[in-house]
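Spelled out, the chains give:
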Amino acid sequence: MEKRSIVLFLCFIVMAMPMVQDVDLGPKAVEKWFTKLPHAEQKVTKFHFYFHDILRGKNPTAVQIAQSNTTAKSLTLFRFVAMMDDPLTVGPEPNSTIVGRAQGIYGSVDKKEGALLMNLNFVFTSGKLNGSILSVLGRNHVFNEYREMPIVSNSGVFRLA
Ligand SMILES: *[C@@H]1O[C@H](CO)[C@@H](O)[C@H](O)[C@H]1NC(C)=O
Ligand SMILES: *[C@@H]1O[C@H](CO)[C@@H](O)[C@H](O)[C@H]1NC(C)=O
Ligand SMILES: *[C@@H]1O[C@H](CO)[C@@H](O)[C@H](O)[C@H]1NC(C)=O
């Protein structure tokens, strides 16, 4: 049985954005999209998914890529850095339908409490969101039940969100 550690168990995202009907990424289509922008309606999107960050076992989805010579002695693993390509699923089970990936880097940045600096892309791979990306940069206070992290960039259906 694989040991699993799930850093962000459930992500719940709410955002307002202009309504984007087609997500053609060609230069002409993008130009046309911008000309229509003043008439675009605001739209709120809510969705949730499960985020599996597996550090151990045969198929880890996140791997440590760096540490300092003091990391092992630190209670918070200060200066631990990992790179991840984690599945995002509809349900909590690991074999639940995959809707995207969380790809990025995180590291332990707090000497006193469990906190990560995370820089990652949510890359959606199914349905209407296929090909759309949300980029997140922020502090993940890992033992807090709720964590709020800024979305700093977007593409596809989330363009200009
Ligand atoms: C860690 O590495 C630094 C820089 O090489 C060195 O000055 C320090 O003594 C080392 N600390 C330990 C605990 O090994
Ligand atoms: C997922 O795995 C569980 C056991 O871990 C199994 O009961 C279930 O049928 C599996 N679901 C799918 C969709 O494969
Ligand atoms: C998502 O988009 C890619 C590239 O356009 C395509 O190859 C793939 O089949 C799509 N997947 C789904 C589930 O729609």
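Residues numbered from 1 in each chain as written. Chains lettered and ligands numbered in written order. Predicted model: local features only at pLDDT ≥ 70, side-chain atom pairs only at ≥ 80, totals over all residues. Heavy atoms only, no water.

Draft legend 1. Here's a closer look at the overall build of the chain. On a plain count of helices and strands, the chain comes out with 1 helix and 8 strands. N-terminal to C-terminal, the α/β element order of the chain is β-α-β-β-β-β-β-β-β. Split into buried and exposed, the 161 residues of the chain put 39% on the buried side. Within the chain, contacts between residues separated by at least 24 positions form 55% of all contacts whose residues are at least 6 apart in sequence. (Helix = DSSP H or I, 4+ residues; strand = E, 2+ residues; numbered from the N terminus. Buried < 20%, exposed > 50% of the residue type's maximum accessible area, 1.4 Å probe, protein only. Contact = heavy atoms within 4.5 Å.)

Draft legend 2. Region of the structure containing the packing of aromatic side chains. Enumeration according to the criterion identifies 8 aromatic pairs in this entry. With centroids separated by 4.9 Å and ring planes inclined at 85°, the aromatic side chains of Trp33 and Phe34 adopt a geometry described as edge-to-face. The exposure class of Phe34 is partly exposed, given its relative accessible area of 42%. Taking the centre distance of 5.5 Å and the plane angle of 85° together, the rings of Phe47 and Phe124 count as edge-to-face. Linking Phe47 in strand β2 (residues 42-51) with Phe124 in strand β6 (residues 115-124), this pair joins segments that are 77 residues apart in sequence. According to the relative accessible area criterion, Phe124 is buried, its value standing at 2%. (Phe/Tyr/Trp six-rings, centres within 6.5 Å; stacked < 30°, edge-to-face > 60°.)

Draft legend 3. Focus on the environment of Pro150. With respect to the secondary-structure elements, Pro150 resides in the loop between β7 (133-141) and β8 (151-155). For the pair Pro150 and Ser135, spaced 15 residues apart in the sequence, the C-alpha separation amounts to 8.6 Å. Apart from the residues within four sequence positions on either side, Pro150 is in contact with Ser135, Val136, Leu137 and Gly138.

Draft legend 4. Inspection of the side chain of Thr61 at higher detail. Relative to the helices and strands, Thr61 is located in the loop between β2 and β3 (62-66). Those residues in contact with Thr61, other than ones at most four positions away along the chain, are His52, Asp53, Ile54, Met83, Met84, Asp85, Asp86 and Pro87.

Draft legend 5. Here's a closer look at unusual backbone geometry. Its identity is not glycine, yet Leu77 carries a phi of approximately 55°, on the positive side. Mapped onto the elements of the fold, Leu77 is located in the loop between β3 and β4 (81-89). Although it is not a glycine, Arg79 sits at a positive phi angle of roughly 80°. Relative to the helices and strands, Arg79 resides in the loop between β3 and β4.

Draft legend 6. Summary view of the nonpolar core. Membership of the largest hydrophobic core comes to 21 residues, with the highest contact counts inside it found for Leu88, Tyr106, Met118, Phe122 and Phe124. Those elements that place two or more of their residues in this core are β2, β4, β5 (98-108), β6 and β7. At 5 residues, the largest contribution of residues to this core is made by β6. (Core = buried A, V, L, I, M, F, W, Y, C linked by side-chain atoms within 4.5 Å.)

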